[in-house]
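The lines below spell out each chain.
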Amino acid sequence: MVGLVLPRLVAVSAASRRSVSVAERNVAALKTVYWLLLVSGFVEPLLYLLSIGVGVGALVGDLTLPGGEVVTYAAFVAPAMLASSAMSGALSETTFNFFGKMKQMKLYDGVIATPVQPFEIALGELLWAMLRGSAYSAAFLVVMVVMELTTVTRALVAFPAAVLVGFAFGALGMAITTFMRSWHDFDLMSAAQFTLFLFSGTFVPAEAYPAALRWAVEVTPLYRAVHLIRGVSVGAAGWEWVLDVLYLLGAMALGLLVASRRMGRLLYG
């Protein structure tokens with residue numbers, strides 16, 4: 001039994017190291033201009049929070065959630081901005097930047113000449129994307145605590161939830177990118193991302209939509225992310241948290257599977 005298990009553990013460990021090496025390559029390639037792009041990705045959702053959550057919130061007043069919790073409009077919007085920030089940070093790395101490395105720079109053509117496999121490349125790029133997404137999430141949660149939109153304890157629970165959101169969207173974004181033929185295709189990606197941002201229970205409760213539209217909203221990945229983080233942030237309990245987590249884990253697994261298989265065809269084909 002040990003003779004069978006040990007080689008597998010060694011193989012998994014080696015694959016993990018190779019995936020980490022892909023992420024380390026991206027860290028080593030950072031430049032000053034890139035750090036400015038990282039900062040801009042955090043500032044945008046913060047501006048939305050201050051302008052809509054606080055500004056418009058002064059006109060809207062308090063909201064009553066389906067579970068009966070009464071929250072300020074800023075406290076309602078903030079978790080959605082956190083989920084959107086995690087989504088945007090992960091997608092930026094696994095769509096535009098990933099496409100550039102694969103199609104323009106032909107970076108992965110050289111990588112597969114080493115023992116690194118397509119799945120390990122995909123996992124390494126996803127790990128790197130999550131470094132960016134986690135930084136956004138942590139900074140945004142600090143702002144939420146300072147503004148008294150959540151508590152420190154809830155923020156500590158919301159952080160791994162936001163990391164999971166980033167993993168899910170990063171994997172999905174990478175899978176979709178492998179089907180992209182040119183930079184023009186990303187116009188559709190941007191339109192889809194903005195649509196999700198507007199219609200995922202971000203600024204109004206999903207219950208405010210007509211029944212048919214509400215059903216369509218509630219099956220989207222960003223809605224499940226917003227629902228999970230909002231529930232954690234405001235302390236709302238519910239079994240649907242389990243559904244949210246399983247949904248996001250499934251999205252991550254599906255994205256990684258499709259991305260690795262597609263990369264194998266593109267790189268070896």
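Residues numbered from 1 in each chain as written. Predicted model: local features only at pLDDT ≥ 70, side-chain atom pairs only at ≥ 80, totals over all residues. Heavy atoms only, no water.

1. Here's the deal with the side chain of Glu-125
Phase 1 of the analysis: Relative to the helices and strands, Glu-125 resides in helix 5 (residues 118-146).
Phase 2 of the analysis: The exposure class of Glu-125 is buried, given its relative accessible area of 2%.
Phase 3 of the analysis: Within polar-contact distance, the side chain of Glu-125 engages the side chain of Lys-101 at 3.2 Å.
Phase 4 of the analysis: A polar contact of 2.6 Å, which involves the side chain of Glu-125, links it to the side chain of Tyr-108. (Helix = DSSP H or I, 4+ residues; strand = E, 2+ residues; numbered from the N terminus. Buried < 20%, exposed > 50% of the residue type's maximum accessible area, 1.4 Å probe, protein only. Polar contact = N/O pair within 3.5 Å; in protein donor to acceptor, adjacent residues only side chain to side chain.)

2. Digging into the packing of helix 5 against helix 6 (residues 152-177)
Phase 1 of the analysis: Between helix 5 and helix 6, the shortest axis-to-axis distance is 8 Å and the interhelical angle comes to 145 degrees. Once helix 5 is placed against helix 6, the crossing between them reads as right-handed. Packed against helix 5, whose contacting residues are Ala-122, Glu-125, Leu-126, Leu-127, Met-130, Ser-134, Ser-137, Ala-138, Leu-141 and Val-145, the element helix 6 presents Val-152, Ala-155, Ala-158, Phe-159, Ala-162, Val-163, Gly-166, Phe-167, Gly-170, Ala-171 and Met-174 at the interface. (Axes fitted to C-alpha atoms, helices over the stretch in contact; angles between N-to-C directions. Left-handed = near helix turned anticlockwise from the far one by under 90°. Contact = heavy atoms within 4.5 Å.)

3. A closer look at a nonpolar patch on the surface
Phase 1 of the analysis: A contiguous nonpolar surface patch, about 300 Å² in accessible area, is contributed by Val-43, Leu-47, Leu-50 and Val-54.
Phase 2 of the analysis: Here Leu-50 is to be found in helix 2 (residues 32-60). (Patch = residues over 30% accessible without salt bridge, like charges linked within 9 Å, V, L, I, M, F, W, Y side chains within 5 Å. Areas by Shrake-Rupley, 256 points an atom, 1.4 Å probe, with all protein chains shown as cover. Salt bridge = Lys/Arg side-chain N within 4 Å of Asp/Glu carboxyl O.)

4. Details of the packing of aromatic side chains
Phase 1 of the analysis: The final tally for this structure, using the stated rule, is nine aromatic pairs.
Phase 2 of the analysis: Note on Phe-99 and Trp-183: the rings are 4.8 Å apart at their centroids and 75 degrees apart in plane angle, and the pair reads as edge-to-face. Of this pair, Phe-99 sits in helix 3 (residues 73-104) while Trp-183 sits in the loop between helix 6 and helix 7 (186-198), placing them 84 residues apart in sequence.
Phase 3 of the analysis: Every member of this aromatic cluster is reached through a ring pair, and the members are Phe-96, Phe-99, Trp-183 and Phe-186.
Phase 4 of the analysis: The side chain of Arg-230 reaches across the aromatic face of Phe-76, ending 3.6 Å from its centre.
Phase 5 of the analysis: Directly above the ring of Phe-179 sits Arg-262, whose terminal nitrogen or CZ lies 4.3 Å from the centroid. (Phe/Tyr/Trp six-rings, centres within 6.5 Å; stacked < 30°, edge-to-face > 60°. Lys NZ or Arg CZ within 6 Å of the ring centre and 35° of its normal.)

5. Things to note about the packing of helix 3 against helix 9 (residues 221-234)
When two helices pack together, their arrangement is given by the angle between their axes and by how far apart the axes lie.
Phase 1 of the analysis: Interaxial distance between helix 3 and helix 9 falls to 8 Å at its minimum, and their mutual angle equals 130 degrees. Classified by the angle between their axes, helix 3 and helix 9 sit oblique to one another. In terms of crossing hand, the pair formed by helix 3 and helix 9 is right-handed. Residues Ala-75, Phe-76, Pro-79, Ala-80, Leu-82, Ala-83, Ser-84 and Met-87 of helix 3 lie in contact with helix 9, whose contacting residues are Leu-222, Ala-225, Val-226, Ile-229, Arg-230, Ser-233 and Val-234. (Parallel < 35°, antiparallel > 145°, perpendicular 65-115°, else oblique.)

6. Comments concerning the environment of Ser-92
Phase 1 of the analysis: Topologically, Ser-92 is positioned in helix 3.
Phase 2 of the analysis: Residues Ser-92 and Gly-173, spaced 81 residues apart in sequence, show a C-alpha to C-alpha distance of 8.6 Å.
Phase 3 of the analysis: Among all residues touching Ser-92, those that are not within four sequence positions of it are Asn-97 and Arg-132.

7. Examining the pattern of salt bridges
Phase 1 of the analysis: Across all of its chains, the model carries five salt bridges by this definition.
Phase 2 of the analysis: Ionic pairing is found between Asp-185 and Arg-181, a salt bridge with its closest N-O pair at 3.6 Å.
Phase 3 of the analysis: The class of Arg-181 is exposed, set by a relative accessible area of 70%.
Phase 4 of the analysis: Across the salt bridge formed by Glu-207 and Arg-214, the nearest N and O atoms sit 3.5 Å from each other.
Phase 5 of the analysis: Judged by relative accessible area, Glu-207 falls into the partly exposed class, the value being 37%.
Phase 6 of the analysis: A single salt-bridge network, built from bridges that share partners, covers Glu-207, Arg-214 and Glu-218.

The values reported here are purely geometric and, on their own, carry no functional implication.
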